[in-house]
Amino acid sequence: MDVEFDWLPKLGKTFNTVEEAWQFWIDYGGRMGFGVRKQYSNKNADGKILSLRFVCAKEGVRKSDKRDSLTVIPRLETRTNCGVKLGIRYIKGIEKYEIHDFFSEHNHPLHLSHTTHMLTCQRKISQVQTQEIEMADDSGITQRASFELMSRQVGGRENIGYTRLDQKNYLRTKRMKSMAYGEAGSLLAYFQQESLENPSFSHAIQLDLEEQITNIFWADAKMIMDYEYFGDVVTLDTTYSTNNACRPLAVFAGFNHFRGVVIFGAALLYDESSDSFEWLFRVFLKTHKNKKPRTIFTDQAAAMANGLAKVMPKTYHALCSWHLMQNGIKHLGNLMKNGSYFLQDFKACMYEYVDETNFKEAWDKLLDDYDLKENKWLMNLYKLKEKWARCYMNNAFTIGMRSTQLSESLNADLKNCMKPNLNIIQFFNHFERVVNDKRYNELQGEFQSRQKLPRLKMVSSPLLQQVSEVYTLPLFNLFQEEYDKYSAACIREVNDRGFVYEYVVALCNENKEFKVTFDPSLSSISCNCRKFETFGILCCHAIKVLDVKDIKLLPEQYILKRWTRGAMRRLVKDMHGRIVEEDTCLTSTQWFKQTCPKLVRTVTQASDCKEARVFVEKAVEELSKKVDDICKLNLGLEINDTDSSLPIQCTNLQLLEVRGLKRRNGVRNFRRRPKSWVEKQPKNKKNQFSNTSQQQKQDKVIKLNGSISQLDEHGFNRLLMEPLDVFLQPNTFVNHQESL
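Only a predicted model underlies this, so the values are computations on that prediction, with no experimental measurement involved.

Colleague: Any chance you could explain the overall build of the protein here in plain terms?
Modeller: Helix and strand counts for the protein come out as 27 helices and 18 strands. Taken over 740 residues, the protein has a buried fraction of 43%. When contacts within the protein are restricted to residue pairs at least 6 apart in sequence, those whose partners lie at least 24 apart make up 62%. With an accessible surface of roughly 42,100 Å², the protein has 51% of that area assigned to carbon and sulfur atoms.

Given below as structure tokens:
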């Protein structure tokens, strides 16, 4: 038989199966340039096909529809009553199918060779392609970009095997299937699947009297481990609304030993009431074995403060400085323009004064200078001074935090990959991706700590050598800054109080003095700047005294474990007493990571040689069959050996216990985080903050000369979060960026 024309239909040609005959007709239609479909098939009593007919896709004519009169724009005609057909019948003697009828004359023009890939019969998304499409969608890649990438991989759109519309329809169908049980059922199924994959996964839902879900909380195994290591200081932010129901996304976050963001848990709340926050805090503590943080930062919401006071009364509640500034702009924005010094003086009260007496004097002067003694907002803010003023916050362990900026940065990442029309499963997929990005930063920190050696400014210093081996790189750099300042410190006074020595220490060219107390018997030291008590590393004043006392190594009690390289080197148990494993399938994961590069290397090497490609294809086909047989054999054993202590899959009866997610009426459809007061102002009102020329505005430069003279909306927000010393230096220039 001539192989070159073997694709042409001929009477008497045989096929082993109906599928083989159908694939032959599809290939023939693709080569000739027409679409194909099945017309009919005849079966016997056993269901075996005895005869069937394949035809051209344009066979027949469209039947009339009684709804045609109501159709404004009807679909275009595609049928031309084409007579092309291929008849197949079963030959019992040889147990094969044979072509017994064939007609090849079309009554319509055929498609061009470079457009046949658009025919419906020539388009099919393979299993491998579905995985690639799903992976691209989960990674936040747009459909257009992922389709373009996959097209380039196969040499063009005509070779990919499907169109962008097929890709869109596949993803839509997949999403509809994932929501088969509705939002509530899909949510419970998602949590159930996560619990099966890792028993330490924790979640909780709150129902109202109508059995509708109001509040949702979850924390995976890594979040539980991170809280055990770094849960001493926590931020909670709820300023991001996730979907068209405008549910606030509450994120518990903190710093790890690299001063990177870590997530301790998240929640989707129905509202921001006291009851919702009280439920959230109780569930959060239960998930983390009732371990309370030492300090928690929130915004100025009264409902959140009430919930904290009831659930965690001994936890220090601090207010986010960024939110305070935003509220200050809202209530006192008229005082922050035309060269006013109000913002400078207000920030001085917040950040500068260490002594309570000095703070009170500065606050009274602020009220007098700007005639604000009767301002209710400032009066209420002063009642909360223990939560935001530096002189009072020196009693709290804050590790350098002053705002919920950690959660704010997380919200910025979420905004880039989320849309308000996402369903609940899509939201969780995107949220997982953002959290994984944050966790990858931790891996980068681990890599840097092993790849790079810290640079010691004083190589011969035993103390620097000691902490360089203990602290992570970011913390070592911060400590070395204090060590560098110690060289400029001088002792102005020494008081011997028996077993305790009191030193008065100051830096050169500075008037501020600090009292350092040292007890030789206990090797204990403390400074009234409270650097160690608030941040966790010793200050330059204490280091000066240690050097005077000829102590060349840092006492162990002043090396906080949360800042060390070994901060995560201990076992963690969940609330059920089980040891938490971040990856319960660690062996499988490691094997997968080791094997994939080997297979990719082999396929890449064989791609340039035809003989090697044929060999690899045969080997892969044989290997796949053997692997399938082994997996099917072991599947039954795994089902019988399943641990009965693990939760089972949700059944329909279980799903009926919840009647859906409760929705709020009359909420706005936010696409992004609600804007601040300044961002909402009309342009002409915002420009009141600026007295500069248009050219200076375009250059986006903020010039500070002891006062606020020119600011735009973004520059003003950036200015709020600048350190105070920026205000105190004349003729300072700060580069303005588009985002905070």
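Colleague: Can you walk me through helix α11 (residues 356-369) in this structure?
Modeller: Residue pairs spaced three or four apart in an α-helix point in one direction, given the helix's 3.6 residues per turn. Between its first and last C-alpha, α11 extends 20 Å over 14 residues, near the 20 Å set by a 1.5 Å rise per residue. Of all the residues in α11, the buried ones are Phe359, Ala362, Trp363, Leu366 and Leu367. Down the axis of α11, the smallest arc covering the buried residues is 135 degrees, so these residues share one side. Residues of α11 that are exposed and point more than 90 degrees away from the buried face comprise Glu361 and Lys365. A side-chain oxygen of the first residue of α11 lies 3.0 Å from the backbone nitrogen of threonine 357; this N-cap is aspartate 355. One or two steps after α11, the chain reaches aspartate 371, where phi turns positive at roughly 55 degrees.

Colleague: Help me understand the sheet that holds strand β3 (residues 49-56) in this model?
Modeller: Taken together, 5 strands build an open sheet; the order of strands is β1-β5-β4-β3-β2 and the sheet is antiparallel. Two strands bound the open sheet, and with one partner strand each, they are β1 (14-15) and β2 (36-43). Sheet analysis places β2 next to β3, joined by 7 bridges and oriented antiparallel. Opposite tyrosine 40, over in β3, you have arginine 53 as the bridge partner.

Colleague: Mind showing me how you'd approach helix α7 (residues 274-287) here?
Modeller: The terminal C-alpha atoms of α7, which comprises 14 residues, lie 20 Å apart, in line with the 20 Å expected from a rise of 1.5 Å per residue. The buried fraction of α7 is high, at 10 of 14 residues. Immediately beyond the C-terminal end of α7, within one or two residues, lies lysine 289, with a positive phi of roughly 60 degrees.

Colleague: Which parts of the structure should I look at to understand the packing of aromatic side chains?
Modeller: In total, this model carries 40 aromatic pairs according to the counting rule given. Both rings, one in tyrosine 227 and one in phenylalanine 264, keep their centres 5.4 Å apart while their planes meet at 80 degrees; by these two values the pair is edge-to-face. Residue tyrosine 227 is located in helix α6 (residues 221-230), and its partner phenylalanine 264 is located in strand β10 (residues 261-268); the two are separated by 37 residues in the primary sequence. Judged by relative accessible area, which is 0%, phenylalanine 264 ranks as buried. An aromatic cluster is built from Phe342, Phe346, Phe359, Trp363, Tyr370, Trp377, Tyr382, Trp388 and Tyr392, whose rings are joined through pairwise contacts.

Colleague: Any chance you could explain the packing of α6 against helix α15 (residues 424-451) here in plain terms?
Modeller: Geometrically, a packed helix pair is captured by the angle between its two axes and the distance between the axes. For the pair α6 and α15, the least separation of the axes is 12 Å and the interaxial angle reads 45 degrees. Judged by the inter-axis angle, α6 sits oblique to α15. When you trace α6 past α15, the crossing you get is left-handed. Facing Lys222, Met223 and Asp226 of α6, the residues of α15 in contact are Phe431, Val435, Arg439 and Glu442. Its residues placed into classes, the contact of α6 with α15 shows 3 nonpolar, no polar and 4 charged.

Colleague: How should I be thinking about the side chain of histidine 257 in this particular structure?
Modeller: Looking at the element boundaries, histidine 257 is found in the loop between β9 (248-255) and β10. Of the polar contacts made by the side chain of histidine 257, one reaches the side chain of glutamate 446; its length is 3.4 Å. When sequence neighbours within four positions are dropped, the list of residues in contact with histidine 257 reads Phe230, Glu446, Thr472, Leu475, Arg562, Trp563, Thr564, Arg565, Ala567 and Met568.

Colleague: Looking at this structure, I do not really get the sheet that holds strand β13 (residues 489-497). What am I missing?
Modeller: One key point about sheets: their strands pair by backbone hydrogen bonds, in either a parallel or an antiparallel sense. Strand order in the open sheet formed by 4 strands is β13-β14-β15-β16, and the pairing between neighbours is antiparallel. The strands lining the two open edges of the sheet, one partner per strand, are β13 and β16 (524-527). Neighbour to neighbour, the strand axes of the sheet diverge by 20 degrees on average, direction disregarded. As defined by bridge partners, β13 adjoins strand β14 (residues 500-507) across 8 bridges and the pair is classed as antiparallel. Looking at the pairing, isoleucine 491 lines up with valine 505 of β14.

Colleague: Sorry if this is basic, but what is going on with the pattern of salt bridges here?
Modeller: Pairs can form between side chains of opposite charge whenever their charged atoms are close. Scanning all chains against the criterion turns up 26 salt bridges. Between arginine 492 and glutamate 513 there is a salt bridge, and its shortest N-O distance comes to 3.2 Å. Separated by 21 residues along the polypeptide, arginine 492 in strand β13 and glutamate 513 in the loop between β14 and β15 (514-519) bring together distant segments of the chain. With a relative accessible area of 45%, glutamate 513 lands in the partly exposed category. Where arginine 497 meets glutamate 502, a salt bridge forms, and the shortest distance between an N and an O atom there is 3.4 Å. The exposure class of glutamate 502 is buried, given its relative accessible area of 16%.

Colleague: What exactly am I supposed to notice about unusual backbone geometry here?
Modeller: Positive phi values are uncommon outside glycine, yet glutamate 211 reaches one of about 60 degrees. By the element assignment, glutamate 211 lies in the loop between β6 (202-207) and β7 (213-219). For glutamate 211, a relative accessible area of 34% translates into the label partly exposed. For asparagine 509, which is not glycine, the phi torsion reads 65 degrees and is therefore positive. Relative to the assigned elements, asparagine 509 resides in the loop between β14 and β15.

Colleague: How do you make sense of a negative patch on the surface when you look at a structure like this?
Modeller: On the surface, a cluster of negative charge is made up of Asp355, Glu356, Glu361 and Asp364. Position of glutamate 361 relative to the elements: it lies in helix α11.

Colleague: Would you mind going over the nonpolar core with me for this structure?
Modeller: As a rule of thumb, soluble globular proteins bury nonpolar side chains together. Counting residues in each nonpolar core, the largest one holds 61 residues, and the members touching the most others are Phe217, Trp218, Leu249, Phe252, Leu280, Phe281 and Phe431. Within the second largest apolar cluster, 41 residues are counted, among which are Leu475, Phe476, Tyr483 and Leu507.

Colleague: Sorry, what's going on with the environment of isoleucine 213 here?
Modeller: One can find isoleucine 213 in strand β7. Separated by 445 residues in sequence, isoleucine 213 and valine 658 have C-alpha atoms that sit 7.2 Å apart. Beyond its immediate chain neighbours, meaning those up to four positions away, isoleucine 213 contacts Ala184, Leu187, Ile205, Gln206, Leu207, Arg247, Val658, Gly660, Leu661 and Lys662.

Colleague: I keep staring at a positive patch on the surface and nothing clicks. Help me out?
Modeller: A cluster of basic residues, Arg144, Arg164, Lys168 and Arg172, forms a positive patch on the protein surface. Sorting elements by how many residues they give to the positive patch places helix α4 (residues 164-178) first, with 3 residues. In this fold, arginine 144 is placed in helix α3 (residues 143-153).

Colleague: What exactly am I supposed to notice about the confidence of the model for the protein here?
Modeller: The predicted coordinates of low-pLDDT regions are not to be read in fine detail. Across the protein, the average pLDDT comes to 81, with 81% of residues at 70 or higher. Within the protein, strand β18 (residues 732-735) has the poorest average pLDDT of any element, 32, and α7 the best, 95. Confidence over residues 685-740 falls short of pLDDT 50; this stretch has 111 contacts with residues more than four positions distant or in other chains.

Colleague: Would you take a moment to explain the environment of lysine 85 for this structure?
Modeller: When you line up the elements, lysine 85 lands in strand β4 (residues 85-91). Using a relative accessible area of 24% as the deciding quantity, one classes lysine 85 as partly exposed. Here lysine 85 is in contact with Trp25, Arg53, Phe54, Val55, Asp101, Phe102 and Phe103, once residues within four sequence places are set aside.

What counts and how
- Residues numbered from 1 in each chain as written.
- Predicted model: local features only at pLDDT ≥ 70, side-chain atom pairs only at ≥ 80, totals over all residues.
- Heavy atoms only, no water.
- Helix = DSSP H or I, 4+ residues; strand = E, 2+ residues; numbered from the N terminus.
- Buried < 20%, exposed > 50% of the residue type's maximum accessible area, 1.4 Å probe, protein only.
- Contact = heavy atoms within 4.5 Å.
- Areas by Shrake-Rupley, 256 points an atom, 1.4 Å probe, with all protein chains shown as cover.
- Expected span 1.5 Å × (residues − 1).
- Arc of directions from axis to C-beta.
- Polar contact = N/O pair within 3.5 Å; in protein donor to acceptor, adjacent residues only side chain to side chain.
- Pairing = 2+ DSSP bridges.
- Phe/Tyr/Trp six-rings, centres within 6.5 Å; stacked < 30°, edge-to-face > 60°.
- Axes fitted to C-alpha atoms, helices over the stretch in contact; angles between N-to-C directions.
- Parallel < 35°, antiparallel > 145°, perpendicular 65-115°, else oblique.
- Left-handed = near helix turned anticlockwise from the far one by under 90°.
- Nonpolar A, V, L, I, M, F, W, Y, C, P; charged D, E, K, R; others polar.
- Salt bridge = Lys/Arg side-chain N within 4 Å of Asp/Glu carboxyl O.
- Patch = residues over 30% accessible without salt bridge, like charges linked within 9 Å, V, L, I, M, F, W, Y side chains within 5 Å.
- Lys, Arg positive; Asp, Glu negative; His and termini not counted.
- Charge placed at Lys NZ, Arg CZ, Asp CG, Glu CD.
- Core = buried A, V, L, I, M, F, W, Y, C linked by side-chain atoms within 4.5 Å.
- pLDDT = per-residue confidence, 0-100.

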